[in-house]
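If you want the building blocks of each chain, they are given just below.
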Amino acid sequence: MDFWSNPYYQQIAMFIIINAILGISIYLTLSTGQLSLGNAGFMSIGAYTSALLTIKAGFPIYLSIPVGGLAACLMATVIGIPTTRLQGIYLAIATLGFGEVVRVIILNLKITNGALGLSGIPSIGVSIGKQISAMGFGNGAFGLTVQQLGNFSVIVILLMVLAFFVFFTMRLNNSRIGRAFAAIKADDHAAEVSGINTTAYKLLAFFLGAFVAGIAGGLAAHITFYIGPKDFAYHRAVEILLFAVLGGSNVVWGPLLGSVILTSLPEILRSAAVYREMIYGALLVVMMIFRPEGLLSEETIRLWKNKLSRNTPAKAVDVTRRTS
Amino acid sequence: MFWQQVVNGVTLGSTYALIALGYTLIFGVLNIVNMAHGEIFMFGAFAGLVLATKFNLNIFLAMAGAMLAGAVLGYLMERLALRPLRRRASSHLAPLISTIGVAIFLESLALRLFGPQAQSFPPVFPGGLLDFGMFKISYVQIMILAISFGLMLVLRFGLAKTRLGKSIRTTAENIETAGLLGINTGKIIVFTVMLASGLGAVAGVLVGLAFNAVEPTMGVTMGFKGLAVLILGGLGNITGAMVGGLILGVAEVFTVAYGASSYRDAVAFGLIIFLLFLRPQGLFGSQEQQGGR
């Protein structure tokens, strides 16, 4: 009970879930073999749209966040149509450039308050807390205060959003669209020759990734009260990429695992905080050398399933190593 | 006013061209975009700065030292982060991600070693200025122009005429055929990475002199500009990198001069996103060379 009522842990749990959603966003674009470094840019569009709608136009939060996602999607149309025709490296650089352009524009616009960023964004936790008070639990319930209850509900809501996206992605993988994605990832040309409209599917993956990133941005904005252009710079894009690289980009659980590890690790290793970026950098190189498919791959999942169905979990300790 | 801006733009553009050449050389031979090039550039600038301030070396010697430091960094990167990947023959995204890792590592290392604040070179040729009436040009600008165009000419000539240059071009054309023809492609790759990194480091010192500021974050910003030039000129195209650099330099200076100074950093990528609509292979790229196809 102590764990769930401690605001520090609650905060970390929220960040883990938001990063997991971001992990799904990069998984979606990577599932067609496209490396997009623009997810931080889409995230910032979602975050700023949602925050501005609530602050300036008085939108309710539950409406502004999806609108933020749609805004990111709209931007993906503008940027995606020329760039998805490009091959891997061109796409990576073009999306990287897109992220930079978005950052500079946000830095210079008046409505986004430039380098100072937006503060006083209505928080989901506080508004839920108000609802709870209005329902007559002003002194809290279940031994928790109103604030703790509010935070707890936020975690539940975030988990539900995450669960929805995971479910969606898994259903997608088994559908005609998912199969097309996998075919494009395995061999672009062979897929095209087999009659798959590769451009359309790549664009679709790009859209979906942007939408999910926009939603994650909106959620992040309404949890932290404050957003600034620095939150969505190049380093953010690389961090999102790391989730997929560390966890594994072939299965949806990979980026989820990556985001959980990479969000909780800095909290555990507080003393090594100054070396955090250095460790991240070295980790990318080491992963690429020894296990480019990430910690979790399709074989790992299959092995685990076999082990579990034979009810011998004790032997399943070191599977991650053996599969490579 | 106009001609003054052109001079400033060409000076700035020549340094961009030098950075972009590093990207292009590595792309040509290895078919990867070296995302750590900007950080090697930044380390070169700091190496030059330390040599010039702590050891009181002449600026030209400091530049040579920086070039050496850049080459050493390039060697280490090739050895530790690129060669192991080539052995495994993994996907084409792996080296890109691996060099991003090197970039993050180097940037945060520079933050630890040199601190976050901008530092400046001791004044070179203080007050030296030539006045042509239509425009003025400082001795520092002349030096930047002379060194970067000099290096570009040497490189151009070296690649076209010397044995080593021909080996590099053969390796870039087709690495397997080059190996069959008796070229030690492993050595050529190492040499090319070192050459590109050395050029990047010299560009670092020149940019440090031009802006009179050297800081750890300059690697990312200038690295991005180099990438933009790379796309602008066409991947793996030497002429494209040179011309693209000059175009970007002039475009940026004019953006600043005519009002939109705060959008300066967006110009580069605005330019390439626009270009990608019209000519995805870049200004000088050929159709079939597109993105490692």
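Rules of the game
- Residues numbered from 1 in each chain as written.
- Chains lettered and ligands numbered in written order.
- Predicted model: local features only at pLDDT ≥ 70, side-chain atom pairs only at ≥ 80, totals over all residues.
- Helix = DSSP H or I, 4+ residues; strand = E, 2+ residues; numbered from the N terminus.
- Rg over C-alpha atoms; globule rule 2.2 N^0.38 Å.
- Buried ≥ 20, exposed ≤ 12 C-beta atoms within 10 Å, placed from the backbone.
- Contact = placed C-beta atoms within 7 Å.
- pLDDT = per-residue confidence, 0-100.
- Expected span 1.5 Å × (residues − 1).
- Bend = angle between axes of the 7 residues up to and from the residue.
- Nonpolar A, V, L, I, M, F, W, Y, C, P; charged D, E, K, R; others polar.
- Core = buried A, V, L, I, M, F, W, Y, C linked by C-beta atoms within 7 Å.
- Axes fitted to C-alpha atoms, helices over the stretch in contact; angles between N-to-C directions.
- Parallel < 35°, antiparallel > 145°, perpendicular 65-115°, else oblique.
- Left-handed = near helix turned anticlockwise from the far one by under 90°.

## Regarding the overall build of chain B
Next, step 1: Check the secondary structure of chain B and you find 11 helices and 2 strands.
Next, step 2: Helices (α) and strands (β) of chain B occur, in sequence order from the N terminus, as α-α-α-α-β-β-α-α-α-α-α-α-α.
Next, step 3: On C-alpha atoms alone, chain B measures out to a radius of gyration of 19 Å, which is about the 19 Å that the 2.2 N^0.38 rule sets for 293 residues.
Next, step 4: Looking at the 293 residues of chain B, the share that counts as buried comes to 53%.
Next, step 5: Counting contacts in chain B only where the partners sit at least 6 residues apart, residues at least 24 apart contribute 77% of the total.

## With respect to the overall build of chain A
Next, step 1: The secondary structure content of chain A amounts to 15 helices and 0 strands.
Next, step 2: Relative to the globule expectation of 20 Å for 324 residues, the C-alpha radius of gyration of chain A, 20 Å, shows essentially globular dimensions.
Next, step 3: With respect to the three principal axes, the spread of C-alpha positions in chain A is 60 × 50 × 40 Å.
Next, step 4: When burial is assessed residue by residue, chain A has 47% of its 324 residues classed as buried.
Next, step 5: Long-range pairs, those at least 24 residues apart, make up 76% of the contacts in chain A between residues at least 6 apart in sequence.

## Some details on the confidence of the model for chain B
Residues and elements named next belong to chain B.
Next, step 1: Per-chain confidence: chain B averages 82 in pLDDT, with 94% of residues scoring 70 or above.
Next, step 2: No element of chain B has a lower mean pLDDT than strand β1 (residues 129-131), which averages 73, and none a higher one than helix α2 (residues 37-53), which averages 90.
Next, step 3: In this model, residues 288-293 is a region of pLDDT below 50 whose contacts with residues beyond four sequence positions or in other chains number 18 contacts.
Next, step 4: For this predicted complex, the interface confidence comes out at an ipTM of 0.78, alongside a pTM of 0.82.

## Re helix α3 (residues 59-88) of chain B
Residues that lie three or four places apart on an α-helix share one face, since the helix turns once every 3.6 residues.
Next, step 1: Compared with an ideal rise of 1.5 Å per residue, which puts 30 residues at 44 Å, α3 of chain B spans 43 Å between its outermost C-alpha atoms and is within 8% of the ideal.
Next, step 2: Taking the largest bend as the criterion, α3 of chain B deviates by roughly 40°, centred on Leu82 of chain B, and proline Pro84 of chain B comes between one and four positions later.

## Some remarks on the interface of chain B and chain A
Next, step 1: Each partner contributes to the interface: chain B provides 39 residues, whereas chain A provides 33 residues.
Next, step 2: Elements supplying a minimum of two residues to the side of chain B that touches chain A: α3, α4 (93-114), α9 (218-233) and α11 (264-278) of chain B.
Next, step 3: Looking at the side of chain B that touches chain A, the element that brings in the most residues is α4 of chain B, giving 12 residues.
Next, step 4: Residue composition of the side of chain B that touches chain A, grouped by class: 26 nonpolar, 11 polar and 2 charged.

## Quick word on the confidence of the model for chain A
Residue and element names in this part refer to chain A.
Next, step 1: Summarising the model, chain A shows a mean pLDDT of 81, and 90% of its residues fall at 70 or more.
Next, step 2: Here helix α15 (residues 319-322) stands out as the least confident element of chain A, with mean pLDDT 47; helix α10 (residues 198-224) is the most confident, with 90.
Next, step 3: The low-confidence segment residues 313-324, where pLDDT is below 50, has 15 contacts with residues more than four positions distant or belonging to other chains.

## A short note on unusual backbone geometry
Next, step 1: Phi at Phe225 of chain A takes a positive value of approximately 70°, unusual for a residue other than glycine.
Next, step 2: You can see Phe225 of chain A is positioned in the loop between α10 and α11 (234-247).
Next, step 3: Even without a glycine there, the phi angle at Asn212 of chain B is positive, about 55°.
Next, step 4: Within the fold, Asn212 of chain B resides in the loop between α8 (185-211) and α9.
Next, step 5: On the neighbour-count criterion, Asn212 of chain B (14 C-beta atoms within 10 Å) is partly exposed.

## Topic: the nonpolar core
Next, step 1: In this structure, Ile21 of chain A together with Val202 and Ala228 of chain B are the most contacted members of the largest nonpolar core, which totals 192 residues.
Next, step 2: Those residues in contact with Ile21 of chain A that sit more than four places away from it in its chain are Val161, Leu162, Phe165, Val212, Ile215 and Ala216 of chain A.

## Focus: helix α10 (residues 238-257) of chain B
Next, step 1: Taking 1.5 Å of rise per residue, 20 residues should cover 28 Å, and α10 of chain B covers 29 Å from first to last C-alpha, within 8% of that figure.
Next, step 2: Within α10 of chain B, burial applies to Ile238, Gly240, Ala241, Met242, Val243, Gly244, Gly245, Leu246, Leu248, Gly249, Glu252 and Val253 of chain B.

## Describing the packing of α2 of chain B against α9 of chain B
Residue and element names in this part refer to chain B.
Next, step 1: Relative orientation of the contacting elements α2 and α9 amounts to 130°, with a least axis distance of 7 Å. As the angle between them shows, α2 and α9 are arranged oblique. Crossing of α2 against α9: the hand is right-handed. Across from His37, Gly38, Glu39, Phe41, Met42 and Ala45 in α2, the residues of α9 making contact are Met218, Gly219, Val220, Met222, Gly223 and Gly226.

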